[in-house]
Amino acid sequence: MPTDPPIKDYHCLIVPGWQGSGDNHWQTHWQHRLPRTSRTHVANWDEPELDDWVGALDRAVSSVEAPILLVAHSLGCITVAHWAAVAEISGRIAGALLVAPADVERGSVRQELAGFAPIPIHRLPFPSLVVGSTNDPAASAQRAAGFATAWGSQLVVLDEAGHINPASGHHEWEAGFLLLHRLVATGALTTSACPLC
């Protein structure tokens, strides 16, 4: 699928989750496919630290001059929420696609991820689209809906899509690529500034 002209107006900043996004992850496929992309770089993908991940996102945003679309997955979504709550440069974000946000407050959360709780519940200062799943082990559909409500996001809940990663069969994830285009096509985004900031 060719990228439409509206996507070319933005820089897509990839924000991976815990353990990063490997070669067969849809985030990596998209990074190769989109015309202008980069990704955050943290000290340790396997032992995440909140301050490090938030700082990495802040540095990545600061290094981009074009309007930015954040493309986050799992713990990356929670990182975006933490960053948006404290960032002084959130107005540089035109929109965010937040896929399978990890519920780091759930009782079964891995110890490595517990440091990202509590999850910010403030409205995000930019348009966003949360994508959840009816059988995501990292967050129930109800929790994904709750995040969307708290963050002021649009919501899409996929049926039986797991954690929306390679383990659940999401590699190039064409349907997700369409959701990215949908975010841009809502008309809520501009190439000069975020109208909600």
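The rules we used
Residues numbered from 1 in each chain as written. Predicted model: local features only at pLDDT ≥ 70, side-chain atom pairs only at ≥ 80, totals over all residues. Heavy atoms only, no water. Salt bridge = Lys/Arg side-chain N within 4 Å of Asp/Glu carboxyl O. Helix = DSSP H or I, 4+ residues; strand = E, 2+ residues; numbered from the N terminus. Buried < 20%, exposed > 50% of the residue type's maximum accessible area, 1.4 Å probe, protein only. Pairing = 2+ DSSP bridges. Axes fitted to C-alpha atoms, helices over the stretch in contact; angles between N-to-C directions. Contact = heavy atoms within 4.5 Å.

**Description of the pattern of salt bridges**
Now for step 1: Applying the stated rule across the entire model yields four salt bridges.
Now for step 2: Across the salt bridge formed by Glu 174 and Arg 33, the nearest N and O atoms sit 3.2 Å from each other. With Glu 174 in helix α6 (residues 174–185) and Arg 33 in helix α2 (residues 26–33), this residue pair connects regions lying 141 residues apart in the sequence.
Now for step 3: Under the relative-accessibility criterion, Glu 174 is labelled partly exposed at 33%.
Now for step 4: In this structure, the salt-bridge partner of Glu 105 is Arg 143, at a minimum N-O distance of 2.9 Å. One end of the pair, Glu 105, is in the loop between β4 (93–99) and β5 (128–133); the other, Arg 143, is in helix α5 (residues 141–151), and 38 residues separate them in sequence.
Now for step 5: Under the relative-accessibility criterion, Arg 143 is labelled partly exposed at 29%.
Now for step 6: Through salt bridges that share partners, Asp 103, Glu 105 and Arg 143 make up one connected network.

**Digging into the sheet that holds strand β6 (residues 154–158)**
Now for step 1: Strand order in the open sheet formed by six strands is β2-β1-β3-β4-β5-β6, with parallel pairing between adjacent strands. Bordering the open sheet on either side are β2 (37–39) and β6, each of which pairs with just one other strand. Strand-to-strand, the axes of this sheet are offset by a mean angle of 15°, without reference to chain direction.
Now for step 2: Of the strand pairs in this sheet, β5 and β6 are connected by five bridges, and their pairing is parallel. Its bridge partner being in β6, Leu 129 is matched across the sheet by Gln 154.
Now for step 3: Here helix α4 (residues 75–86) sits on the sheet and contacts β1 (11–15), β3 (68–73) and β4; the angle it forms with β3, its principal contact strand, is near 130°.
Now for step 4: Against the sheet, α5 contacts β4, β5 and β6, and its axis sits at roughly 170° relative to β5.

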